[in-house]
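Coordinates in review
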Amino acid sequence: MAPTVGLFIPCYVDQLYPEVGLATWQVLRQVGADVEFPRGQTCCGQPMANSGCAAEARPLAERFLRLFERYDQVVAPSGSCVSMVRHHYRELLGDRPDLERVASRTFELCQWLVEVRGISRVEGEFRRKVGLHRSCHGLRELRLGRSSERVEAPYDKVRQLLAPLRGIELVEPSRPDECCGFGGTFAVNEEAVSCLMGRDRLADQEKAGAEVITGVDASCLMHLEGLARREGRRVEVMHVARILSQARLS
Amino acid sequence: MSSRDDILRALRRAGPPPTPVPEWTGRAMRFDDPVSRFLETVTAVAGTPLRVPDLAAADAAVRGLETWRRARLTATLVPGVGRSSLDLDAVARPQDLRDLEVAVVGGAPAVAENGAVWIPGSRLGRHRAVFVIAEHLVLVVRAEDVVHTMHEAYQRIQFERPGWGSFVSGPSKTADIEQALVIGAHGARSCAVVLIG
Amino acid sequence: MSGSLPVPPGQHPRAAARFLAQETRVRRHDAAGWHLRSNRDRGAASVPEWEALREAASAIKGHVLSRLADYLEEFERNAAQNGIQVHWARDGAEHNAIVHGLLAGRGVTRVVKSKSMLTEECGLNPFLEARGIEVTDTDLGERIVQLLGEPPSHIVVPAIHRTKEEIGELFYRRLGTPAGLADPTALTEAARHHLRQKFLDAQAGITGVNFAIAETGGVVVVTNEGNADMGTSLPPIHVACMGVEKVVPRARDLGVLLRVLARSATGQPSSVYASHFHGPLPGGEMHVVIVDNGRSAILARDAFRPSLWCIRCGACLNTCPVYRRSGGYSYGATIPGPIGSVLSALRNPRAHADLPFASSLCGSCSDVCPVRIDLHQELLAFRRELAGQGLVPLRKRLAMKAASLVMRRPALYALAGRVVRFLLRAAPWALRLGPGAAWARQRALPPGPRESFRDLWQRRAAGGEGGTP
């Protein structure tokens, strides 16, 4: 029996970027996953938790566990939401076996494809120059890739899924993984710094030749796209699920 | 209750349960040729490495240094290498060494990973200021005293107590003005390292 | 708190906005920090066992804090055997009084001081100066900010916020260098001459302490400039000031700590000088002042205890994308950046409630920290602390309460989502008002799709295509 996969679509993806949700579902289906979308889901509680409002986040964490505990695996197109579940629910709920069970089986999409499904072949085409934006939660908490600060053998689970696409040219900005400045409420609390950080990412990626900026977190991409459109930049911003949904993975 | 008692009591109350002291059991870097690596690192830290076969050659190398040849006031703490133009023991105050141009000082061990040389105070004669007040410093080390990393260096060092000792790695420097590296801050402006062996 | 900070605490967002409004300044400051970060990366990469070293350094520091009082007593015993006089200060005021008492009691009026963030924290300079003791900061960066009448804006590179032209102008006014001279080498030369006289005339030298060795009763002071050595080998009196957390068990533990310190700070394999003091100069005196000043309170807190492991390398400042773009002064604290935000908030949560939020929680600081302090986790934990103490602004708490309420009711959530999407499509101007303004001033609003993902899923499921879109 194939493991059941609970699809977790973060609140802002559900409402603002449904195509990312669709693409994620398509990718899961394409690799033969038995996918369900529990309709009671809403939000993982990260905005509340990141504001220090643990009491407001806690009921959402409980809700998440209840909704998703029946699945063998949980997959979401968001590094930060998955990191919330895997690493930060413990801060809200303490050490609990039910939490441990769900947290250890919750994955970001690329993480799931590489670590759980062992995807090694990616057949498809994407004839564009692509700059990979290495979102912080995915990078430094889920360890989707080696962060530039660390001294260890390099690895990059997102890049390894994109690189085989025919015609793709992956470009590297001068600062491989500097934060885009979204940071949740940081984006509005510290508006000036947030926007400067984002503009610097855009400039860096464009200087490297990126026509498309991709990443695992639609929140970062929303911030980057918002800045890009305001600056009149032509660069496109696309969640990695949308690029992968055009390919055959095995 | 003295401040001392208050502080110690507060720290004992506040601290987590005691754990055993950790030991470094890691595999530290090792070099195929630590002596060469040492000399390369000395260059990298803006020092001037000179490798010589014996003490006489060390003496010749020091006397051949541009800074030595131009100097009038020199001091050596390494018998047989260079000469002292003044009697260091007769200098009453360390401030009186203010015009010293070259100081020749011996040390051990020498550390390959960072070009540092351990100088115990006992090797500096009457005034330890001699190593930092001189315009130019010459360090004399032996090949057999080169170690790979700081771990080994600390294994070999015995602190003089009471006393003083210092690792010195290259000439003094600063990058406080727009991160521009400037060689020669308050200590020696140049550091020649003469390695014998 | 040292002297008068140019920016009062609690104003990071506003101060940051002012700082970065000057484009050339923020570009330069950001590049300076990134340059140090890049050098650090190169230094770290040259040590294959780097991550193991970080782990070991972390373990040493963690262990020390579990037996801190014992190690301090051992240090005191051994230091006394070396002829070092050990003093204890509960807080900054006691520290200042002790140092002043030592100096005044010996008729000292001219002191040279090498870098010590602890003495900054205690406000030692103004205290001594008010009592007729001239204090010359001898680290070049520190001397520059001292002459400017400013506090340091970085713990390793105190004048990182100043250009060479500004420093040239300062030296022209205060040291008599030629007008318009802005070459760093020439300016450093001028500082060397100026400070050399200070060293020669000094009657006492004050230093910080990078590490105090319990096993042997010595203290270690590291510099690149040699100023700590000039300041302690010329005058006969040495006063070394240390926080309680600076003690390490044994000399061999320095093998680990010194291997990570300089590489993390500047990328060099070691600092130029790492001097180990086990006693006074012959005929002189050496004093060590051990200071608590709130550290025992931090020690008591599991979540924040690791902040005491800090070896003051500055790596977290250099890597922090926020620090680099906002400058040290915007933090309104003695130590800025990630570690400064934690330490300041611990010391005074009310005054520094802005600092744990002056971070995007990117985690880069935690990954560069040589002693593996989980800095970004501590910042997040402190946000909970602030919320618990009622120090998160009401507006924000209410917004989160409202959001939580909505998110707990899927039907309400779906409705709210529909409304927002409708406004995005039909009346985006409405969303650019109020809280939306902080987004929309510089960023385009996201699109307002007609259907949410769940709408699509629902529709296709209802359409009977095997229950899935």
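Up top you'll find the structure we're talking about.
Residues numbered from 1 in each chain as written. Chains lettered and ligands numbered in written order. Predicted model: local features only at pLDDT ≥ 70, side-chain atom pairs only at ≥ 80, totals over all residues. Heavy atoms only, no water.

1. Focus: the overall build of chain A
Basically, it comes down to this: Under the DSSP-based scheme used, a helix requires at least four consecutive residues in state H or I and a strand at least two consecutive residues in state E, with every element numbered from the N terminus. The size measure is the radius of gyration over C-alpha atoms, and the globule rule it meets is 2.2 Å times the number of residues to the 0.38 power. Summary of the burial criterion: residues with accessible area below 20% of their type's maximum are buried, those above 50% are exposed, and those between are partly exposed, where the area comes from a 1.4 Å probe applied to protein chains only. The criterion used for residue contact is that any of the two residues' heavy atoms lie within 4.5 Å. For the purpose of counting charges, residues Lys and Arg are taken to be positive, whereas Asp and Glu are taken to be negative. His and the chain ends are not included. For the purpose of locating charges, the reference atoms are NZ of Lys, CZ of Arg, CG of Asp and CD of Glu.
Along its length, chain A carries 13 helices and ten strands. Whereas a compact globule of 250 residues would reach a radius of gyration of roughly 18 Å, chain A reaches 17 Å, a difference of no more than 12%. The proportion of buried residues among the 250 residues of chain A is 66%. Partitioning the contacts of chain A with sequence separation of at least 6, the portion at a separation of at least 24 is 77%. Taking the average location of the 34 positive side-chain charges in chain A and that of its 34 negative ones, the two points are 3 Å from each other.

2. Some points on the overall build of chain B
Going by this rule: Per-residue and other accessible areas follow the Shrake-Rupley method at a 1.4 Å probe size, with only the shown protein chains counted as cover for residues.
From N to C terminus, chain B includes six helices and eleven strands. Principal axes of the C-alpha set define a box for chain B whose edges measure 65 × 45 × 40 Å. Partitioning the intrachain contacts of chain B with sequence separation of at least 6 by distance along the chain shows that 70% fall at a separation of at least 24. Per element, the accessible surface of chain B, about 8200 Å² overall, is 50% carbon and sulfur. Side-chain charges of chain B comprise 23 positive and 22 negative groups, with the mean position of each set lying 4 Å from the other.

3. Re the pattern of salt bridges
The test is simple: Any Lys or Arg side-chain nitrogen located within 4 Å of an Asp or Glu carboxyl oxygen qualifies as a salt bridge.
Counted according to the given criterion, the structure contains 86 salt bridges over all chains. For the salt bridge of B:R4 with C:E73, the shortest nitrogen-to-oxygen distance reads 3.6 Å. You can see B:R4 sitting in helix α1 (residues 3-14) and its partner C:E73 sitting in helix α4 (residues 68-81), one on each of two chains. A relative accessible area of 21% means that C:E73 is categorised as partly exposed. The salt bridge partner of C:R252 is B:E23, with a shortest N-O separation of 3.6 Å. Residue C:R252 is found in helix α12 (residues 251-265), and its partner B:E23 is found in the loop between α1 and α2 (34-44); the two belong to separate chains. According to the relative accessible area criterion, C:R252 is partly exposed, its value standing at 44%.

4. Some remarks on the interface of chain A and chain C
Stated formally: Buried area: the accessible surface (1.4 Å probe) lost by two parts on joining, summed over both. Under the scheme applied here, ten amino acids are nonpolar (Ala, Val, Leu, Ile, Met, Phe, Trp, Tyr, Cys and Pro), four are charged (Asp, Glu, Lys and Arg), and all others, including Gly, are polar.
At the junction of the two partners, chain A supplies 69 residues and chain C supplies 79 residues. The largest share of the area that chain A buries against chain C comes from A:Q15, A:E149 and A:V151, three residues that together contribute 11% of it. Remark: the boundary between chain A and chain C carries 13 salt bridges. C:R37 is the partner of A:E149 in a salt bridge, and the nearest nitrogen-oxygen pair spans 3.5 Å. Per-element tally for the side of chain A that touches chain C: the top contributor is helix α11 (residues 191-207) of chain A, with nine residues. By residue class, the composition of the side of chain A that touches chain C is 32 nonpolar, 17 polar and 20 charged.

5. Quick notes on the environment of A:R101
In this structure, A:R101 sits in helix α6 (residues 97-104). Considered as a pair, A:R101 and A:Q30 are 71 residues apart in the sequence and their alpha carbons are 26 Å apart.

6. Here we look at the interface of chain B and chain C
For clarity, the cut-off: Polar contact criterion, stated in full: a pair of N or O atoms within 3.5 Å, where within protein one must be able to donate a hydrogen and the other to accept it, and residues adjacent in sequence count only if both atoms are side-chain atoms.
Listed by partner, the interface residues are 71 residues for chain B and 102 residues for chain C. Summed over both sides, the interface between chain B and chain C buries roughly 6800 Å², with carbon and sulfur atoms accounting for 58% of that surface. Our count for the contact surface shared by chain B and chain C stands at 13 salt bridges. Run the count over chain B and chain C and you get 42 residue pairs in polar contact (both at pLDDT 80 or more).

7. Remarks on the arrangement of the chains
The assembly contains two pairs of chains in contact; the pair sharing the most contacts is chains B and C. The two units chain A and chain B are non-contacting; their minimal C-alpha-C-alpha distance is 14 Å.

8. Section: the sheet that holds strand β4 (residues 110-111) of chain B
Put simply, the rule is: Paired strands, as defined in this entry, are two strands with at least two bridges between them according to DSSP.
Sheet architecture is open: eight strands sit in the order β7(B)-β4(B)-β5(B)-β8(B)-β9(C)-β6(C)-β5(C)-β8(C), paired in mixed fashion. Each edge of the open sheet is held by one strand with a lone partner, namely β7 (146-147) of chain B together with β8 (247-248) of chain C. Here strand β5 (residues 116-120) of chain B pairs with strand β8 (residues 163-168) of chain B via four bridges, running antiparallel. When the sheet's bridge partners are listed, B:V117 is paired in β8(B) with B:V168.

9. Some words on the nonpolar core
If you look at soluble globular proteins, the nonpolar side chains tend to sit buried side by side. Let me state the cut-off plainly: Here, nonpolar core refers to any group of buried Ala, Val, Leu, Ile, Met, Phe, Trp, Tyr and Cys residues whose side-chain atoms link them within 4.5 Å.
Core analysis: the largest hydrophobic core is formed by 164 residues, its most contacted members being B:F38, B:F167, C:L72 and C:F75. Excluding residues that lie within four positions of it along the chain, C:L72 makes contacts with B:L8, B:L11, C:W88, C:M242, C:V244, C:V247 and C:I290. Among the nonpolar cores identified, the runner-up in size contains 99 residues, and A:L60, A:Y89, A:L142 and A:C180 belong to it.

10. Regarding the environment of A:F37
Looking at where A:F37 falls in the secondary structure, it is placed in the loop between β2 (34-36) and α3 (46-50). Overall, the relative accessible area of 5% leaves A:F37 in the buried class. Considering only alpha carbons, one finds A:F37 and A:G6, 31 residues apart in sequence, at a separation of 5.9 Å. The contacts of A:F37, once residues within four sequence positions are left out, are A:L7, A:I9, C:F453, C:R454 and C:W457.

11. A word on the packing of helix α2 (residues 18-30) of chain A against helix α23 (residues 453-462) of chain C
The cut-off we apply is this: Whenever a helix is involved, its axis is fitted only over the stretch in contact; in every case the axis is a line through C-alpha atoms, and angles between N-to-C directions fall within 0 to 180 degrees. Should an angle fall under 35 degrees it is taken as roughly parallel, and over 145 as roughly antiparallel, whereas 65 to 115 is taken as roughly perpendicular and any remaining angle as oblique.
Running from N to C, α2(A) and α23(C) point in directions that differ by 50°, and their axes come no closer than 8 Å. On the basis of their axis angle, the class for α2(A) and α23(C) is oblique. Contact residues: A:P18, A:G21, A:L22 and A:W25 in α2(A); C:F453, C:L456, C:W457 and C:R460 in α23(C). Tallied by class, residues from the contact of α2(A) with α23(C) come to six nonpolar, one polar and one charged.

12. Some remarks on unusual backbone geometry
Here the bond from B:A108 into B:P109 is cis, since omega is 0°, no more than 30 degrees from zero. Among the structural elements, B:P109 can be located in the loop between β3 (102-106) and β4. The omega torsion of the bond from B:R161 to B:P162 falls at -5°, within 30 degrees of zero and hence cis. Among the structural elements, B:P162 can be located in the loop between α6 (150-156) and β8. Phi at A:R143 is positive, roughly 55°, even though this residue is not glycine. Examined against the element boundaries, A:R143 turns out to sit in the loop between α8 (136-141) and α9 (157-162).

13. Remarks on a nonpolar patch on the surface
Residue and element names in this part refer to chain C. Convention followed: In this analysis, a patch consists of residues with relative accessible area above 30% that form no salt bridge, clustered at 9 Å for like charges and at 5 Å for the nonpolar side chains Val, Leu, Ile, Met, Phe, Trp and Tyr.
Judged by side-chain polarity, L412, L415 and V419 come together as a nonpolar surface patch covering roughly 240 Å² of accessible area. Within the element layout of this structure, V419 appears in helix α20 (residues 410-426). Taking the relative accessible area as the measure of exposure, V419 reaches 43% and is therefore partly exposed.

14. A closer look at the sheet that holds strand β3 (residues 73-76) of chain A
Residue and element names in this part refer to chain A. With parallel pairing, the four strands of this open sheet are ordered in space as β2-β1-β3-β4. At either margin of the open sheet sits one strand with a lone partner, and together these are β2 and β4 (106-108). Averaged over all adjacent pairs, the angle separating strand axes in this sheet is 35°, with direction ignored. As paired elements, strand β1 (residues 4-7) and β3 share three bridges and run parallel to each other. Bridge pairing in β3 links G6 to V74.

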